[in-house]
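Fold and contact review
Spelled out from the first residue to the last, the chains are:
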Amino acid sequence: MNYQSTRDSKISFSSAEAIKTGIAPDGGLFVPSEIPSLSASEIENIKNLSYVELADFVLGKFLTDYTAEEVHHCASNAYTKEKFESDTIAPLHKLNDNTHILELWHGPTCAFKDMALQILPYLLTKAMKKTGEEKEVIILVATSGDTGKAALEGFKDVEGTNIQVFYPVDGVSKIQKLQMATQLGKNVNVTAVKGNFDDAQTGVKKIFSNDDMRKKADELGYVFSSANSINWGRLVPQIVYYFYSYATLLKNNEIKMGDKINIVVPTGNFGNILAAFYAKSMGLPVNKLICASNKNNVLTDFINTGVYDRNRKFETTISPSMDILISSNLERFIYHMSGENASFVAECMKKLNEEGKYDIGAELTKKIKEIFVGGYASDEDTVETIKKTNEKYSYIPDTHTSVAIKVYEDYVKETGDNTKTVIASTANPFKFNQSVLSALVEEREMEGKDEFELLQMLSEKGNLNIPDSLNNLKKMDVRFKDVCNKEEMWDMVHTFLTNK
Ligand SMILES: *Cc1c(COP(=O)(O)O)cnc(C)c1O
């Protein structure tokens, strides 16, 4: 199977090349030339597979230039009990008869990004070997908080790789900042950018598409790559856990083979929910895909009207990993929904770039609405939902998951739909301890407490264990203190590479 650019079907790469380069040469994103479809018996069989076996199976369908042994090497090293707390890797927590929470945050950095970023370094180093690459790779990451840490943790001290992370200086939680600033490893660099996530992401995309910078990196002995969800190697591992959640529901006798489920995803860059769309396209029985946003509700409006319009105020919310106005992966979605129409995608992206908006038209919007539901939740709703979920079910969701729960509850109220539903839970509540606690205790109880006292408080409140990786942060030195302007991002990369 080959990979094409969303903006030009004539561009064709192997999966190894697509993963190595991250983004297509014309600025488009790599998409598979066809979406493999599973037979009924293949889907039936998934309930007999362990997480690693299922990853072998799904990845094997897409990465056809990797041998089965290579894929297995990647999956079996990434999805271990040591890294994900148990062999389950992605456990399903039953909230009530209809609602199941898919906990994707049992990896080393406490967010769902680990599901892809623990395996990406294996996929990428294999890709470099397979394509005969002799240079080292420099991975450039823009992060709204969670990708940065997960990528740093995945790539630290991986031979042949280096990683530079940019995060918005005031756009991440204190715990997230500490996680990144204390990162260990010889091949890592972390810089805060004065601006928001979109500024950081745009800055990184500019470096990628700048021939001059690419040449300078090349002269120093490096090729660019990406660990953001624009990289196909990030997306494909995320398809696995949607099948896994279905298999778990089957095993627990919650559904019968062939029953449809709803999937709710708290969404930012549209990567996680796009993976659910791929799973559905492969044959996973799905009724609705519910796209949950926070107050940056550009996707809610898009799904409801067909107009994508980023000309609006950027809101800083308590679910910062979803504070995004340019959802990169929507480009892949429009490509598939428009019948692989690359020139249409190119035109939309040109309009987005020049005017900040585009309109996909009534017909395509109707088609999207048959599958997708869009909704959003305010910060007040998010806090209220954490509180209620705890009171009703003794379960404390993080802020992002809470957005998804709220949007799902609104959907059920409106439609009466009682289809069994999987809600993707994207972060451990400890990672956003301050906002989560504000739903559970009085403001004055939190006053004057530092991050670690707040972890302790949440632990007592919820009768939950503090993840070691967060508790240990207090013993670690801050290594990275640089803050740069968005125009200076390349200088930071250049200095990092020159001084290595
Ligand atoms: C990244 C992230 C999201 C958004 O996922 P996308 O794939 O960008 O849509 C949601 N919640 C958390 C906690 C995240 O880290």
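Every value quoted in this text rests on a predicted model; they were computed, and no experiment measured them. (Residues numbered from 1 in each chain as written. Predicted model: local features only at pLDDT ≥ 70, side-chain atom pairs only at ≥ 80, totals over all residues. Heavy atoms only, no water.)

**What about the sheet that holds strand 11 (residues 286–293)?**
- Across the sheet, six strands lie side by side as 4-5-15-10-11-14; this open sheet has mixed pairing. Only two strands of the sheet have a single neighbouring strand rather than two, namely strand 4 (92–94) and strand 14 (372–376). If you compare each strand with its neighbour and ignore which way they point, the axes differ by 25° on average.
- Examined bridge by bridge, strand 10 (residues 261–266) and strand 11 share five bridges and lie parallel to one another. Looking across to strand 11, one finds that V265 is bridged to C291. (Pairing = 2+ DSSP bridges. Helix = DSSP H or I, 4+ residues; strand = E, 2+ residues; numbered from the N terminus. Axes fitted to C-alpha atoms, helices over the stretch in contact; angles between N-to-C directions.)

**Considering empty space enclosed by the protein**
- Applying the stated criterion across every chain, the model contains two cavities of 30 Å³ or more.
- Considering only enclosed or pocket space, the largest cavity measures out at about 270 Å³ in volume.
- F112, K113, G268, N269 and S321 are, among the 24 residues lining the largest cavity, the residues nearest its centre.
- Elements represented by at least two residues in the lining of the largest cavity include exactly helix 8 (146–155), helix 12 (232–251) and helix 13 (271–282).
- Split into classes, the residues belonging to the lining of the largest cavity amount to seven nonpolar, 14 polar and three charged.
- Quantified by volume, the second largest cavity comes out at close to 40 Å³. (1 Å grid on protein atoms, 1.4 Å probe; cavity = no way out; pocket = protein on both sides within 12 Å on 5 of 7 lines; lining within 4 Å. Points joined across faces, edges and corners; volume = space filled by probe spheres on them. Nonpolar A, V, L, I, M, F, W, Y, C, P; charged D, E, K, R; others polar.)

**What to know about the layout of surface pockets**
- In this structure, the largest pocket spans a volume of roughly 1,100 Å³.
- In terms of lining residues, the largest pocket is bounded by 42 residues, among which T202, K205, K206, S209 and N353 are the most central.
- Contributing elements (two or more residues each) for the lining of the largest pocket: helix 10 (197–208), helix 11 (211–220), helix 15 (330–337), helix 16 (342–355) and helix 24 (489–499).
- Ranked by the residues each element gives to the lining of the largest pocket, the list is headed by helix 10, at nine residues.
- Residues that form the lining of the largest pocket fall into these classes: 19 nonpolar, ten polar and 13 charged.
- Considered as a void within the structure, the second largest pocket measures approximately 360 Å³ in volume.
- Considering the residues around the second largest pocket, the lining is formed by 19 residues, among which K392, Y393, I405, E409 and K413 are closest to the centre.

**Topic: the packing of helix 10 against helix 24**
- Two elements in contact, helix 10 and helix 24, have axes separated by 9 Å at closest approach and are oriented at 60°. The orientation of helix 10 relative to helix 24 falls into the category oblique. Across the interface between the two elements, D199, A200, G203, V204 and I207 of helix 10 pack against M489, W490 and V493 of helix 24.
- Of the residues contributing to the contact of helix 10 with helix 24, the split by class is six nonpolar, one polar and one charged. (Parallel < 35°, antiparallel > 145°, perpendicular 65-115°, else oblique. Contact = heavy atoms within 4.5 Å.)

**Quick notes on the site of the ligand**
- In the vicinity of the ligand lie 15 residues, with K113, D146, G268, N269 and T426 positioned nearest.
- Between the ligand and the protein, one listed contact pairs an oxygen atom with a side-chain N or O atom of K113 at 2.6 Å.
- Between the ligand and the protein, one listed contact pairs a nitrogen atom with a side-chain N or O atom of T426 at 2.8 Å.
- When the free accessible area of the ligand is taken as 380 Å², the share hidden by the protein chains comes to 98%. (Near = heavy atom within 4 Å. Polar contact = N/O pair within 3.5 Å; in protein donor to acceptor, adjacent residues only side chain to side chain. Areas by Shrake-Rupley, 256 points an atom, 1.4 Å probe, with all protein chains shown as cover.)

**Here's the deal with helix 10**
- Relative to the 16 Å expected for twelve residues at 1.5 Å per residue, helix 10 spans 17 Å between its end C-alpha atoms, a close match to the ideal helical length.
- If you check which residues of helix 10 are buried, you get F197, D198, A200, Q201, G203, V204, I207 and F208.
- Looking at where helix 10 begins, the residue whose side-chain oxygen comes 3.0 Å from the main-chain nitrogen of D198 is N196. (Expected span 1.5 Å × (residues − 1). Buried < 20%, exposed > 50% of the residue type's maximum accessible area, 1.4 Å probe, protein only.)

**Some details on the packing of helix 14 (residues 298–305) against helix 17 (residues 362–371)**
- Axis separation between helix 14 and helix 17 bottoms out at 7 Å; the angle between their running directions is 110°. As judged from the angle between their axes, helix 14 and helix 17 are roughly perpendicular. On helix 17, the residues touching F302, I303, N304 and T305 of helix 14 are T365, I368 and K369.
- Per-class residue counts for the contact of helix 14 with helix 17 are three nonpolar, three polar and one charged.

**Some points on the nonpolar core**
- Membership of the largest hydrophobic core comes to 117 residues, with the highest contact counts inside it found for L63, Y79, I239, Y242, F243, Y358 and F372.
- Considering every element that reaches this core, the biggest residue donor is helix 12, with 13 residues.
- When neighbours within four sequence positions are excluded, Y358 is seen to be in contact with F302, G306, V307, Y308, L330, I334, C348, M349, K351 and L352.
- Judged by nonpolar contacts, the second largest core, of 25 residues, contains L29, A142, V193 and Y222. (Core = buried A, V, L, I, M, F, W, Y, C linked by side-chain atoms within 4.5 Å.)

**Focus on the pattern of salt bridges**
- Summed over all chains, the structure comprises 20 salt bridges.
- Its salt-bridge partner being D301, residue R312 comes within 3.0 Å of it at the nearest N-O pair. Residue R312 is found in the loop between strand 12 (307–309) and helix 15, and its partner D301 is found in helix 14; the two are separated by eleven residues along the sequence.
- Under the relative-accessibility criterion, R312 is labelled partly exposed at 28%.
- Note that D410 and K406 form a salt bridge whose closest N and O atoms lie 3.1 Å from each other. With a gap of four residues between them, D410 and K406 both fall in helix 19 (residues 399–415), about one helical turn apart.
- Connected through shared salt-bridge partners, K94, D97, E254 and K420 make up one network. (Salt bridge = Lys/Arg side-chain N within 4 Å of Asp/Glu carboxyl O.)

**Digging into unusual backbone geometry**
- For F270, which is not glycine, the phi dihedral falls at a positive 70°.
- A relative accessible area of 2% means that F270 is categorised as buried.
- For N463, which is not glycine, the phi dihedral falls at a positive 55°.

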